[in-house]
Structure formats: C-alpha cells, structure tokens
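Close look at the chain arrangement
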Amino acid sequence: MCIALIGGMDRLGKHYQEEAERAGVKLQFFSTSETNIAAKLRKADAMVIFTNKVSHRVKIEAMQVAKANNIPVLMEHACGICTFRNCLECLAHNCH
C-alpha cells in the first residue's frame, strides 16, 4: 500500500517515514507545493492531508485527484506523529 501525506512539517519527515515503515506501507511525503503533484498523487492508494500545513490550492488539487481516482482521503488539522499514526491505523482498518 502506498500512502501520500500532503502537508506536515519537514523536520518530522523522517519520523513520518519511520511510522509508515512500521505500519508496512510506502510513504510519499509532500510538505511543499510541487510541480505536477496531481500525477504523483494518482499512484497513491490513500491520502492523508494535514490541513493546517498545506495551501488551499494544493488541498483542492489533491481532493480533485482523489475524487477522480476513487482514492480514500483522511483530513486532519494537527500534523504530529501521533496523528499520523492514528491515520495509518484508521486506513488499516478501513475506517476512512
């Protein structure tokens, strides 16, 4: 399973990656706006969006990709490691 994390803090990138590995998933981490992000997001099996650390434009673009490709999305305001861990557990138990 591949999860796209949109938002979050650069300094926590390593910790997000460790949590994803612990959960047995591949992580794509997008902390800043990137060119052609839509094409990169299409490959994800699920998305986690940390709404307090992402621009509205990127959030809207991610939601459009998710809707068009039937990708489940979890949106959280907080962007800590515990929040990400909870999102991974929720995705593992299909509670999105």
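You'll find the structure just up there.
Everything in this summary refers to the structure shown in the same document. Please read all numbers here as calculations on a predicted model, not as lab measurements.

Reading the values: rules and limits
- Residues numbered from 1 in each chain as written.
- Predicted model: local features only at pLDDT ≥ 70, side-chain atom pairs only at ≥ 80, totals over all residues.
- Heavy atoms only, no water.
- Helix = DSSP H or I, 4+ residues; strand = E, 2+ residues; numbered from the N terminus.
- Rg over C-alpha atoms; globule rule 2.2 N^0.38 Å.
- Buried < 20%, exposed > 50% of the residue type's maximum accessible area, 1.4 Å probe, protein only.
- Contact = heavy atoms within 4.5 Å.
- Areas by Shrake-Rupley, 256 points an atom, 1.4 Å probe, with all protein chains shown as cover.
- Lys, Arg positive; Asp, Glu negative; His and termini not counted.
- Charge placed at Lys NZ, Arg CZ, Asp CG, Glu CD.
- Pairing = 2+ DSSP bridges.
- Axes fitted to C-alpha atoms, helices over the stretch in contact; angles between N-to-C directions.

Broken down by element type, the protein carries 4 helices and 4 strands. When its helices and strands are written in sequence order, the protein yields β-α-β-α-β-α-β-α. The C-alpha atoms of the protein give 12 Å as radius of gyration, which agrees with the globular expectation for 96 residues (12 Å, within 12%). The C-alpha extent of the protein, read off along each of the three principal axes, is 30 × 25 × 20 Å. Considering the protein as a whole, with its 96 residues, one finds that 42% of them fall into the buried category. In the protein, 67% of the contacts between residues at least 6 apart in sequence involve partners at least 24 apart. About 5,500 Å² of surface is accessible on the protein, with carbon and sulfur atoms providing 49% of the total. Computed over 12 positive and 9 negative side-chain charges, the separation of the two mean positions in the protein equals 5 Å.

Right, let's talk about the sheet that holds strand S2 (residues 26–30) for a bit. Ordered by their spatial adjacency, 4 strands build an open sheet running S2-S1-S3-S4, and the pairing between neighbours is parallel. Each having just a single partner strand, S2 and strand S4 (73–76) make up the two edges of the open sheet. Looking at each pair of strands side by side, their axes are set apart by 15° on average, direction ignored. Sheet analysis places strand S1 (residues 2–6) next to strand S3 (residues 46–50), joined by 4 bridges and oriented parallel.

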